[in-house]
Amino acid sequence: MQGHVTLKRIDKTCSEPKKRVDQYYSVEFAIEGLESAYQFKIWNKTSTRMSILVKENSEVLPQLKVGDTLNMRYYSDNLIHPSECLETAIRRIIRNDQGRLKGHYIVGLELLQN
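Within each chain, residue numbers correspond to sequence positions counted from 1 in written order. Local features in this predicted model are restricted to residues of pLDDT 70 or higher, and side-chain atom pairs are both shown and tallied only at a pLDDT of 80 or more, whereas totals for entire chains, interfaces and linings draw on every residue. The basis for every side-chain value is the complete set of heavy atoms in the structure, and neither hydrogens nor water enter the calculation.

Trainee: Help me out: how do you make sense of the packing of aromatic side chains in this one?
Mentor: To describe a pair of aromatic rings, you give the distance between the ring centres and the angle between the ring planes. Note on aromatic contacts: the rings of Phe and Tyr and the six-membered ring of Trp form a pair at centre separations within 6.5 Å, being stacked when their planes are under 30 degrees apart, edge-to-face when over 60 apart, and tilted otherwise. Applying the stated criterion across every chain, the model contains two aromatic pairs. Aromatic pair phenylalanine 29 and phenylalanine 40: ring centres 5.7 Å apart, planes at 25°, arrangement stacked. In this pair, phenylalanine 29 is assigned in strand β1 (residues 24-30) and phenylalanine 40 in strand β2 (residues 37-41), connecting sequence segments 11 residues apart. For a lysine, the NZ atom is tested; for an arginine, the CZ atom; a charge sits over a ring if that atom is within 6 Å of the ring centre and within 35 degrees of the ring normal. A cation sits over an aromatic face here: lysine 41 above tryptophan 43, 5.6 Å from the ring centre. In this text, helices come from DSSP runs of H or I with a minimum length of four residues, and strands from runs of E with a minimum of two, each type numbered from the N-terminal end.

Below you can see the structure in the form of C-alpha cells.
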C-alpha cells in the first residue's frame, strides 16, 4: 500500500524531483569490477544536487564519467529515516588544486526523477 501512495504522489508532482537531497548525509555506491562499495559524505547540498569529494588517487575516480547514472544508497543523518536507493547522475567532475581540498576531485551529483 505504501508504494501506491508514492506512485500517486509522483503523478501529482511529476514536474518536481522525487526527493530532496538536503535530508541526506552520505551516499554509498558500488562500481562493477571494483571489490568494495564506496561511501562519501555529501557536500554542497541544494534541493536536487550535491557534491562528493573523491581523492585523486582513489581507484573509483577513473570509473566515474560525466553523464553516467548509478543507483546510489543515500543515508540520512536522522536515524529514524531508512536509507534509500535512488538513481543518480554524475553532472560534473572538477579537480581541486587549492586549499584544504587540494588533491581531491569534486564530483557533482543530481537525483533523477522516476
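Trainee: Hey, could you run me through unusual backbone geometry in this one?
Mentor: Within the chain, asparagine 44 stands out as a residue other than glycine whose phi angle is a positive 45°. The residue asparagine 44 is located in the loop between β2 and β3 (49-55) in this model.

Trainee: Can you help me understand the nonpolar core in this one?
Mentor: As a rule of thumb, soluble globular proteins bury nonpolar side chains together. Residues Phe29 and Tyr74 are the most contacted members of the largest nonpolar core, which totals 23 residues. Secondary-structure elements contributing two or more residues to this core are β1, β2, β3, β4 (69-76), β5 (84-96) and β6 (104-111). The criterion used for residue contact is that any of the two residues' heavy atoms lie within 4.5 Å. With residues up to four places along the chain from it excluded, the contact list for phenylalanine 29 reads Ala37, Tyr38, Phe40, Ile52, Val60, Leu64, Leu70, Asn71 and Met72. The term nonpolar core refers to a set of buried residues drawn from Ala, Val, Leu, Ile, Met, Phe, Trp, Tyr and Cys, joined through side-chain atoms within 4.5 Å. Burial classes follow relative accessibility: with a 1.4 Å probe on protein chains only, a residue under 20% of its type's maximum area counts as buried, one over 50% as exposed, and anything between as partly exposed.

Trainee: How do you make sense of the environment of glycine 33 when you look at a structure like this?
Mentor: With respect to the helices and strands, the residue glycine 33 is situated in the loop between β1 and β2. With relative accessibility at 74%, the residue glycine 33 sits in the exposed group. The spacing of glycine 33 and glutamine 63 is 30 residues in sequence and 9.5 Å in space, taken between C-alpha atoms.

Trainee: Can you walk me through the environment of aspartate 22 in this structure?
Mentor: With respect to the element layout, aspartate 22 can be found in the loop between α1 (2-12) and β1. For aspartate 22, a relative accessible area of 43% translates into the label partly exposed. For the pair aspartate 22 and serine 47, spaced 25 residues apart in sequence, the C-alpha to C-alpha distance is 6.3 Å. Setting aside anything within four residues of it in sequence, one finds aspartate 22 in contact with Lys45 and Thr46.

Trainee: I tried to follow the pattern of salt bridges on my own but got confused; where do I start?
Mentor: For side chains bearing opposite charge, pairing can occur when the charged atoms are close. We define a salt bridge as a contact between a side-chain nitrogen of Lys or Arg and a carboxyl oxygen of Asp or Glu at a distance within 4 Å. The tally for this structure, following the rule as stated, stands at four salt bridges. The salt bridge involving arginine 91 is made with glutamate 110; its shortest N-O contact spans 2.5 Å. On the criterion of sequence distance, the pair formed by arginine 91 in strand β5 and glutamate 110 in strand β6 is long-range, its members being 19 residues apart. Among the residues examined, arginine 91 registers a relative accessible area of 35% and is labelled partly exposed. Residues joined in a network through salt bridges with shared partners are Arg49, Arg91 and Glu110.

Trainee: How should I be thinking about the sheet that holds β4 in this particular structure?
Mentor: Sheet strands pair via backbone hydrogen bonds, and the direction of the pair is either parallel or antiparallel. Pairing between strands requires that DSSP locate at least two bridges from one strand to the other. A sheet is described by the order of its strands in space; here six strands give the open sequence β2-β1-β4-β5-β6-β3, paired in antiparallel fashion. Since the sheet does not close on itself, it has two edges, and those belong to β2 and β3, each with one partner. For this sheet the average axis-to-axis angle between neighbouring strands, irrespective of direction, equals 40°. Relative to β6, β5 is paired through eight bridges, and the arrangement is antiparallel. Considered in β6, the bridge of alanine 89 is made with glutamate 110. Lines fitted to C-alpha atoms define the axes here, with helix axes fitted over just the stretch in contact, and angles between the N-to-C directions of these axes take values from 0 to 180 degrees.

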